[in-house]
Amino acid sequence: MQIPLFLQTYTQDHKVELLTRPHRSLQIIGFLCLVWGLLIGGWGLVTLLGGAPDRGINATYFLFALGALLLGFQSILFGVRRTVDYYMSWLMITDQHIVTMTGVARVVRKLDLDISDVHGVEETLAGRVLGYGFVNATGYSGERIARVPVANPHKVLALATRSGRNLAAPADPQKRH
C-alpha cells in the first residue's frame, strides 16, 4: 500500500509497522445511508411535488412526506460524511510514532511512542460482531490520537505496545548491566 503524501513526512528514517484505512464497515454504512436517503428522500419529494391536484394531500400525509424528505436529506449527508471519512482517514504505526490522518481537512495527529501510553481497545457491540474497534492512545501531555475504527484492534494494540517497548529497551544487550 502506498503511503499518502501527507504521512510521508513521518516515515523518514522510521520503519512503518502498520498502515491501514478504517474498517470497511465505515464505507458500507456510508453507502447504505446514501441508498436509504435517496429512497426515503425521493419518496418524500415525489409525494410533496406530485400530490393529487384534485384532492390535494391532507396535513398528516404532508407532514409525513416532509419528515421523510428531511430524514432522507439527513441520511444522505451522513452517508457522504462516512464515505469521505473512509477514503480520507489513515492510521499508521511506525517504530517511533502513532500517526492518524482524518477528514477532508487532513487533520494529522502524531504521538511519540516513547512518551505516550497505548492503554487499550474500545469496542462497541457492533464492533465486536463486525470485528473492529478503536485503539486508545494518550500522550503524557494529555493529547489523544483520533478515533479511527480499525480491523483487529487487539493486534493493532499489541503492535503499538511492542513498538513502544522496543524504544524503551536499550539497543545493545551488553549495555543493560
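These notes cover the structure that comes with them. Within every chain, residues take consecutive numbers counted from 1 along the sequence as written. Confidence filtering applies because this is a predicted model: local features only for residues at pLDDT of at least 70, side-chain atom pairs given and counted only at 80 or more, and all residues used for totals across whole chains, interfaces and linings. By convention in this description, side-chain values take in all heavy atoms of the structure and omit both hydrogens and water.

Focus on a nonpolar patch on the surface
Right, so step 1: Together, I28, F31, L32, V35 and L39 make up an exposed nonpolar region whose accessible area comes to about 500 Å².
Right, so step 2: Here L39 is to be found in helix α1 (residues 24-49).
Right, so step 3: Each residue's exposure class comes from its accessible area (1.4 Å probe, protein chains only) as a fraction of the maximum for that residue type: buried when under 20%, exposed when over 50%, partly exposed otherwise. For L39, a relative accessible area of 57% gives the class exposed. Like charges within 9 Å and nonpolar side chains (Val, Leu, Ile, Met, Phe, Trp, Tyr) within 5 Å are joined into patches, using only residues over 30% in relative accessible area that form no salt bridge. To be clear on the numbers: accessible area is Shrake-Rupley with a 1.4 Å probe, and residue cover counts the displayed protein chains and nothing else. What makes a salt bridge here is a side-chain nitrogen of Lys or Arg within 4 Å of a carboxyl oxygen of Asp or Glu, nothing more. Each helix is a run of H or I in the DSSP string that is no shorter than four residues. Each strand is a run of E no shorter than two, and both are numbered from the N terminus.

Some details on the layout of surface pockets
Right, so step 1: With a 1 Å grid laid over protein atoms only, a set of points is called a cavity when a 1.4 Å probe fits there but cannot get out and a pocket when it is open yet has protein on both sides within 12 Å along at least five of seven lines; lining residues have an atom within 4 Å of a point. Grid points are joined across faces, edges and corners, and a volume is the space filled by probe spheres set on the points. If you add up the space inside the largest pocket, you get close to 310 Å³.
Right, so step 2: Among the elements of the structure, α1, α2 (59-88) and β6 (132-139) are those that each provide at least two residues to the lining of the largest pocket.
Right, so step 3: Note that Gly is not counted as nonpolar here; it falls among the polar residues with everything else outside the nonpolar set of Ala, Val, Leu, Ile, Met, Phe, Trp, Tyr, Cys and Pro and the charged set of Asp, Glu, Lys and Arg. Residues belonging to the lining of the largest pocket are distributed by class as follows: 7 nonpolar, 3 polar and 4 charged.

Observations concerning empty space enclosed by the protein
Right, so step 1: As enumerated under the stated definition, the model contains 3 cavities of 30 Å³ or more in all.
Right, so step 2: Quantified by volume, the largest cavity comes out at close to 40 Å³.
Right, so step 3: The wall of the largest cavity is formed by L91, V135, I145, A146, R147, V148 and V150.
Right, so step 4: Looking at the lining of the largest cavity residue by residue, the classes come out as 6 nonpolar, no polar and 1 charged.
Right, so step 5: The volume enclosed by the second largest cavity comes to roughly 40 Å³.
Right, so step 6: Contributing to the lining of the second largest cavity are V135, N136, A137, R144, I145, A146 and R147.

Regarding the nonpolar core
Right, so step 1: Nine residue types can take part in a nonpolar core, namely buried Ala, Val, Leu, Ile, Met, Phe, Trp, Tyr and Cys, and a core is a set of them joined through side-chain atoms within 4.5 Å. Judged by nonpolar contacts, the single largest core of 14 residues is most densely connected at L91, I98, V118, V135, A137, V150 and V156.
Right, so step 2: Looking at this core, the elements with two or more residues in it are β2 (90-94), β6 and α4 (153-168).
Right, so step 3: With 3 residues, the top contributor of residues to this core is α4.
Right, so step 4: Discounting chain neighbours no more than four positions away, the residues touching V156 are L18, L91, I93, V135, V150 and A151.
Right, so step 5: Counting 6 residues, the second largest nonpolar core, distinct from the first, contains L7, L19, W90 and M92. When checking whether two residues touch, look at their non-hydrogen atoms; a contact exists if any pair is within 4.5 Å.

Details of the packing of aromatic side chains
Given two aromatic rings, one states the distance between the centres and the angle between the planes to describe the pair.
Right, so step 1: Pairing of aromatic rings covers Phe, Tyr and Trp, the last through its six-membered ring, and needs centres within 6.5 Å; plane angles under 30 degrees mean stacked, over 60 mean edge-to-face, and all others mean tilted. All told, the structure shown has 3 aromatic pairs when counted by the stated rule.
Right, so step 2: Seen in terms of ring centroids, W43 and F64 are 5.6 Å apart; in terms of plane orientation they differ by 75°. Their pairing is edge-to-face. With W43 in helix α1 and F64 in helix α2, this residue pair connects regions lying 21 residues apart in the sequence.
Right, so step 3: Looking at W43, the relative accessible area reads 35%, which means it is partly exposed.

Observations regarding the sheet that holds strand β5 (residues 116-122)
Right, so step 1: Pairing between two strands is assigned when DSSP locates at least 2 bridges connecting them. Read from one edge to the other, the open sheet built from 3 strands follows the order β5-β6-β7, with strand pairing classed as antiparallel. The strands lining the two open edges of the sheet, one partner per strand, are β5 and β7 (150-151).
Right, so step 2: Relative to β6, β5 runs antiparallel, the two sharing 6 bridges. When the bridges of β6 are listed, G120 appears paired with N136.

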